[in-house]
Number of protein chains: 2
Amino acid sequence: MKITILDVARHAGVSKATVSRVINHNPKVNEQIKERVLHSIKELGYQPNAIARSLANSRSNVLGLILPDIVNPYFPVLARGIEDSARQMGFSLFISNTDNDPENEQDYIKKMYSQQVGGIILVTSTLDEAKAEKLDKLNIPIVLCDRLIENTPFDTVSIDHYKAAYEAVLYFIRKGHKKICHLAGPSFVQSADMRRQAYIDAMQEFGLHPLYRIGDFSYQSGYELMNSVLNEADVSAVFGANDLIALGAINAIQEKGLKVPDDVSVIGCDDISFAQMSNPKLSSIMVPAYEIGQRAVELILERIKGVRSKTKNLILEHRFIKRET
Amino acid sequence: MKITILDVARHAGVSKATVSRVINHNPKVNEQIKERVLHSIKELGYQPNAIARSLANSRSNVLGLILPDIVNPYFPVLARGIEDSARQMGFSLFISNTDNDPENEQDYIKKMYSQQVGGIILVTSTLDEAKAEKLDKLNIPIVLCDRLIENTPFDTVSIDHYKAAYEAVLYFIRKGHKKICHLAGPSFVQSADMRRQAYIDAMQEFGLHPLYRIGDFSYQSGYELMNSVLNEADVSAVFGANDLIALGAINAIQEKGLKVPDDVSVIGCDDISFAQMSNPKLSSIMVPAYEIGQRAVELILERIKGVRSKTKNLILEHRFIKRET
DNA sequence: GTGAAAGCGCTAACAC
DNA sequence: GTGTTAGCGCTTTCAC
C-alpha cells in the first residue's frame with residue numbers, strides 16, 4: 001500500500017541505490033536520471049520512511065527535549081526556541097516532562113536513547129556526577145540548559161544566575177533598601193541555589209541580614225512564603241527566584257493592605273510574558289529563554305556533525321528590566 | 001558497541017525469536033527460559049531499539065502533537081494532558097508549532113507520517129474538507145482538538161464553544177448590561193468564530209446591538225482592540241475570546257482611567273493559570289484543556305488498537321468562573 | 001515452546 | 001555514475 005523506495009526505483013527504471021542517492025542529494029547522479037527520479041517521486045507521492053533511514057544510519061533526525069514542566073511559563077519559550085531551530089535543521093522534536101523526578105528523567109532518557117535520538121536537550125535538577133557519567137557512556141550528545149551540573153562533560157547553555165541575582169539585590173541596596181528578603185526556588189535546583197547564594201552574599205557584603213524562604217517556583221509558594229515573611233518581619237523589598245513567585249508575593253503583599261511598589265518593591269526573574277501583563281507590571285530579570293533554546297540546538301548539531309569535541313559552556317546575557325514593581 | 005537482541009540471545013543461550021517473545025510479553029515462553037532471558041537483559045543492560053521495532057511492526061510507539069504555538073498559555077496544559085496520558089500508555093510524543101500556517105501544518109503532518117507515528121493530535125485552524133480528505137487517506141489515526149472541522153471523518157474533542165460564549169454574554173445581559181462588546185479571535189479559527197457567532201446571536205436575541213472587533217488571541221491585540229472600541233463607544237462589559245485578549249483589554253480600560261469591574265466588566269475564556277493571578281482576578285470560562293488532552297489520547301489509542309471504527313465527537317463541559325472582573 | 005529465516009525500507013560499501 | 005548486495009535490529013510466519 002505504502003510507496004517505498006523500490007516503487008520509485010521501478011517507476012523511474014533505476015535501482016534503489018540511485019533513488020537513495022537522489023534523496024540524499026548525493027552529487028554524483030546524472031542530471032537526467034535525477035530529474036527522472038524526482039519526477040517519479042512527485043508522481044507517486046513518495047515520502048521516505050524516516051524510521052527505515054534511521055535504522056540504516058543508526059541515527060535519527062530527531063532531538064529530545066526533557067524539561068521539568070511545560071506548564072511553567074518559562075519553558076514554552078525555551079521549547080519554541082528549540083523547536084524552531086531544530087525544525088530549521090530538519091530535526092523533529094520529542095518532548096517530555098519530568099516534574100523534577102529523577103526517575104522520570106532516567107526513564108525518558110532511556111526511551112529517547114532507544115529511539116536513537118540524535119541528541120538530548122536536558123533541563124535537569126536531579127542529575128549528579130554519578131548519573132552524568134553513566135549518561136555520558138550512552139555516547140549521545142547532550143546539552144544541559146539553564147541548570148548546570150558541576151564537573152560534567154556535557155555542553156551547557158545558561159545565564160550567569162549568580163550574577164543576575166546579585167545585580168537584582170544590588171539594585172535594591174542602591175535604592176536604599178535595607179530589609180530585602182528573597183523567596184527562593186527549590187535548593188536542589190542549581191539555578192535557584194545560585195540565586196539564593198548570590199542574595200546571601202550580596203546582603204552580607206553590605207552588612208545586611210539575609211532573610212529568605214525556600215519554595216517551589218510556583219505562584220502559590222510565592223504567595224505563602226510572602227505571607228510567612230510578612231508575619232514575622234518588616235520588609236521593603238523582595239527578590240523572587242522567578243516571576244511566578246514574585247507574582248504570588250505581590251498578591252500576598254497587597255492582601256495585607258500594603259502597596260507595591262510604594263511599601264514593598266518586587267523583582268522577579270525570567271521575564272515571562274506575564275511579567276508585562278501583570279498589574280502592576282513586574283520588574284524582572286530577563287532570561288533569554290528562546291535564544292538559550294536556539295543555542296542548545298546549535299551545540300547539539302556541532303556534536304552530531306562531529307565538528308567539535310571540546311566541551312562548550314555558553315553563558316548568555318541576562319538583563320534587568322525595570323517596570324512598575 | 002550497542003547491545004542488540006542477538007547479544008541477549010547468545011548470552012541466554014536462546015534464539016533472537018525467544019528474546020523477542022519475552023520482550024513482547026508473549027505468554028508462550030517457558031518460565032525458566034523467560035527468567036534466563038530476563039536475567040541476561042538485566043545483566044547486559046539491554047535496551048530494545050525502538051526504531052528497529054517500529055520498522056518491523058510498521059508502526060511506532062510515538063504520537064504526534066501539532067498545535068499553533070506552545071507559548072500561548074492555553075496549550076501547555078493541553079500538551080501536558082496529552083504527554084501524561086501518552087506516557088502512561090507507553091507512547092512518546094513529538095511536538096511542533098504551526099503558528100497557524102497551513103504550510104507548516106502540512107509539512108509537520110508529512111514529517112510525522114514519515115516517522116510512522118501511531119497517531120496525530122491536531123489543533124488546526126487551517127484544515128478544510130479537501131485537505132482533510134487527503135489526510136484521511138494517510139490512514140493514520142487523527143484526533144482534532146479544540147477546533148473542529150465540519151464534515152471530517154476524524155475524531156474530535158472539544159467544548160461547546162458556542163454555548164460557552166452564549167452563556168457568558170447571557171450572564172452580562174442578566175446583570176443588566178446593555179453595552180457589551182466582544183473582542184474576537186481570528187475568524188479562520190473555528191472556536192473563535194463560534195464564540196463570535198454566539199455573541200452576535202445572544203445580543204440580537206435580546207435586542208441589543210452587537211459590537212465586536214477581530215484580533216489574534218494575543219494580549220497585544222486585546223489591548224489594541226479595546227482601545228479602538230473605547231474610542232468609539234461607551235461600553236460596560238467586554239467578553240474576550242480568550243484570556244489573553246481579556247487581560248489586554250483590562251489594561252487598556254484601566255489606562256483610560258476606568259475601573260474594572262466598576263465601570264467595565266470583563267470575562268475571558270480558557271481560564272489559563274494567569275486568570276487567577278491577574279489583578280483584578282479575571283473571570284473566565286474554564287476550558288478543561290488537560291482533560292481534552294487526555295481524552296484525545298484515549299481516542300487515538302482506541303483507533304490504534306482498532307477497538308472502534310466509528311467517528312467519535314467528544315464535547316467536554318466548560319464552566320463559567322466568576323472572579324473579580 | 002523454540003529456532004531458522006525472511007523481511008520491514010533504507011543506506012553504504014563494493015563492483016562494474 | 002549506477003547497480004548489487006549486505007546489513008541496521010527487530011518481529012513474525014513457519015517448521016519442528
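The sections below set out a description of the structure shown in this document. Please read these numbers as outputs of a predicted model, since none were measured by experiment.

## Looking at the protein's contact with DNA strand D
Neighbouring DNA strand D are 25 residues, the closest being T18, R21 and I33 of chain A together with I5 and Y46 of chain B. By atom count, sugar and phosphate contribute 61% of the portion of DNA strand D lying within 4 Å of the protein. Contact distances for DNA strand D include 2.6 Å between a phosphate oxygen and a side-chain N or O atom of S20 of chain B. Separating a phosphate oxygen of DNA strand D from a side-chain N or O atom of R53 of chain B is a distance of 2.9 Å. For the surface near DNA strand D, the secondary structure elements donating two or more residues are α2 (16-23) and α4 (50-57) of chain A together with α2 (16-23) and α4 (50-57) of chain B. The residue inventory of the surface near DNA strand D, partitioned by class, reads 12 nonpolar, eight polar and five charged.

## Comments concerning the packing of helix α1 (residues 5-12) of chain A against helix α3 (residues 31-44) of chain A
Geometry of a packed helix pair, given as the angle between the helix axes and the separation of the axes. Residues and elements named next belong to chain A. At a minimum axis separation of 9 Å, α1 and α3 run at an interaxial angle of 125°. On the basis of their axis angle, the class for α1 and α3 is oblique. The chirality of how α1 crosses α3 is right-handed. For the pair α1 and α3, contact is made by D7, V8, H11 and A12 and by R36, V37, S40, I41, E43 and L44, respectively. Of the residues in the contact of α1 with α3, the class split is five nonpolar, two polar and three charged.

## Examining helix α3 (residues 31-44) of chain B
Residues and elements named next belong to chain B. The first and last C-alpha atoms of α3 sit 20 Å apart over 14 residues, in line with the 20 Å expected at 1.5 Å per residue. Buried within α3 we find V37, S40 and I41. Down the axis of α3, the buried set is contained in an arc of 100°. They therefore lie on one face. Those residues of α3 that are exposed and aimed more than 90 degrees away from the buried face are Q32 and K42. Those residues of α3 that are buried lie in contact with α1 (5-12) and α2. Capping the start of α3, N30 holds a side-chain oxygen 2.6 Å from the backbone nitrogen of Q32, two or three residues further along. Backbone geometry just after α3 places G45 at a positive phi near 65°.

About the thresholds
Residues numbered from 1 in each chain as written. Chains lettered and ligands numbered in written order. Predicted model: local features only at pLDDT ≥ 70, side-chain atom pairs only at ≥ 80, totals over all residues. Heavy atoms only, no water. Near = heavy atom within 4 Å. Polar contact = N/O pair within 3.5 Å; in protein donor to acceptor, adjacent residues only side chain to side chain. Helix = DSSP H or I, 4+ residues; strand = E, 2+ residues; numbered from the N terminus. Nonpolar A, V, L, I, M, F, W, Y, C, P; charged D, E, K, R; others polar. Axes fitted to C-alpha atoms, helices over the stretch in contact; angles between N-to-C directions. Parallel < 35°, antiparallel > 145°, perpendicular 65-115°, else oblique. Left-handed = near helix turned anticlockwise from the far one by under 90°. Contact = heavy atoms within 4.5 Å. Expected span 1.5 Å × (residues − 1). Buried < 20%, exposed > 50% of the residue type's maximum accessible area, 1.4 Å probe, protein only. Arc of directions from axis to C-beta.

These figures come from the coordinates and say nothing about function on their own.
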